Amino acid sequence: MSVIQVSGISKRYGRTVALDDVSFEVEQGEIFGLIGPNGAGKTTAMECLEGIRVPDRGAISVLGVDPWRGLRALQHRIGVQLQEAQLQKRIKVGEAVRFWASLYPRHMDGDQLLEQLGLGDRTHVWFMSLSGGQKQRLFIALALINDPEVVFLDELTTGLDPQARRAIWELVRGIRQRGKTVVLTTHMMEEAEKLCDRVAIVERGRVIDVDTPARLVARHCPNRTVLVTTDDPSAEARFRVLPQVDEVSRAESVITVRGRDEVVTAVIQCVSQHRIHVTGFHTEMPTLEDVFLTLTGHRIRN
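About the cut-offs
- Residues numbered from 1 in each chain as written.
- Predicted model: local features only at pLDDT ≥ 70, side-chain atom pairs only at ≥ 80, totals over all residues.
- Heavy atoms only, no water.
- Pairing = 2+ DSSP bridges.
- Helix = DSSP H or I, 4+ residues; strand = E, 2+ residues; numbered from the N terminus.
- Buried < 20%, exposed > 50% of the residue type's maximum accessible area, 1.4 Å probe, protein only.
- Right-handed = clockwise from strand over helix to strand, strands pointing away.
- Axes fitted to C-alpha atoms, helices over the stretch in contact; angles between N-to-C directions.
- Contact = heavy atoms within 4.5 Å.

1. Description of the pairing of strand β9 (residues 206–211)
Line of reasoning, step 1. Bridge count between strand β8 (residues 198–203) and β9: five bridges; the pairing is antiparallel. Note on β9: the bridge partner recorded for isoleucine 201 is aspartate 209.
Line of reasoning, step 2. With antiparallel pairing between neighbouring strands as the criterion, β8 and β9 make up a hairpin whose turn holds two residues, including arginine 204 at a positive phi of roughly 55°.

2. Concerning the pairing of strand β6 (residues 150–154)
Line of reasoning, step 1. When you tally the buried positions in β6, you get five out of five residues, the bulk of the element.
Line of reasoning, step 2. Side chains of β6 alternate between two faces, with Val150, Phe152 and Asp154 and Val151 and Leu153 buried alike.
Line of reasoning, step 3. Assessed by its sense of winding, the connection that carries the chain from β6 through helix α6 (residues 162–177) to strand β7 (residues 181–186) is right-handed.

3. Re the sheet that holds strand β11 (residues 245–251)
Line of reasoning, step 1. Here four strands make up an open sheet; going across it, the order is β11-β12-β10-β13 and the pairing antiparallel. The outermost strands of the open sheet, each flanked by one partner alone, are β11 and β13 (280–284). Taking the axes of each pair of neighbouring strands and ignoring which way they run, one obtains an average angle of 15° across the sheet.
Line of reasoning, step 2. Packed on one face of the sheet, helix α10 (residues 263–273) meets β10 (224–229), β11, β12 (254–259) and β13 and runs near 25° to β10.

4. Some details on the environment of isoleucine 52
Line of reasoning, step 1. With respect to the secondary-structure elements, isoleucine 52 resides in the loop between α1 (42–50) and β4 (57–62).
Line of reasoning, step 2. Separated by 19 residues in the primary sequence, isoleucine 52 and leucine 71 have C-alpha atoms spaced 8.7 Å apart.
Line of reasoning, step 3. Discounting chain neighbours no more than four positions away, the residues touching isoleucine 52 are Glu47, Trp68 and Leu82.

5. Looking at the environment of proline 148
Line of reasoning, step 1. By the secondary structure assignment, proline 148 is in the loop between α5 (132–144) and β6.
Line of reasoning, step 2. Remark: the alpha-carbon pair of proline 148 and glutamate 247, spanning 99 residues in sequence, is separated by 52 Å.
Line of reasoning, step 3. Ignoring sequence-local partners within four residues, the contact set of proline 148 consists of Arg77, Ile78, Gly79, Ala143 and Lys180.

Okay, here's the thing in structure tokens:
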């Protein structure tokens, strides 16, 4: 069942087109990602879903409610973590959670929530004394304190080190396991692949494609690369005649084979059939980064 429906929304700021005829749906209980480079329109789309901004045209339904017209009713059913969130420097972790809880008629046990998020021993610590990862955990706690049905997370792990980022990923998976729907934005393709059930690729205010990461890769980047390390002089020629192979190149003892469909299986069978002595075998699978490059002509970091 879809809990979010977005139909043909557009948003302009003067001559700048932030969103251009954007449509997608989010299913109940999934982690859905809006992915693309900075400035693509992801945050604007998220803010329209949260009721912070109103689109110039188009329609949005979140839990059956127009987020702009029904914001007051919707506020108690959603949780929001903003991209540029900050708190007072000298507010303590426990104070922040208790204050947020007081804003809602129904809320979770703040101390228990902090314990679950690994902040149980940080209750009396000032916000300014927290590490980057701890601050993000606190913002997750504030987004969850009203026990929302849908949680919005905007660039949650930007600026975090790899260890802290992976810890946050586990927390997000935990939110989904509790039956919540998660909508997140990220410009990190690895994050989207690790976390999201489905993603919408956003570029220059438009949604280019929507699907699971695996199906997007299969649809747009079907080719595979196999690196075979061998001194067998016949190997290169044998790989070239395989019907699944498109290209073969050699650099010293490493042969690079590029192809489609079952090229990996074909290379393995060829090695076995012709008893090619191999000292190294490595496959390179395309990623969402490659999908983005294929669809837009440039990598996401550009």
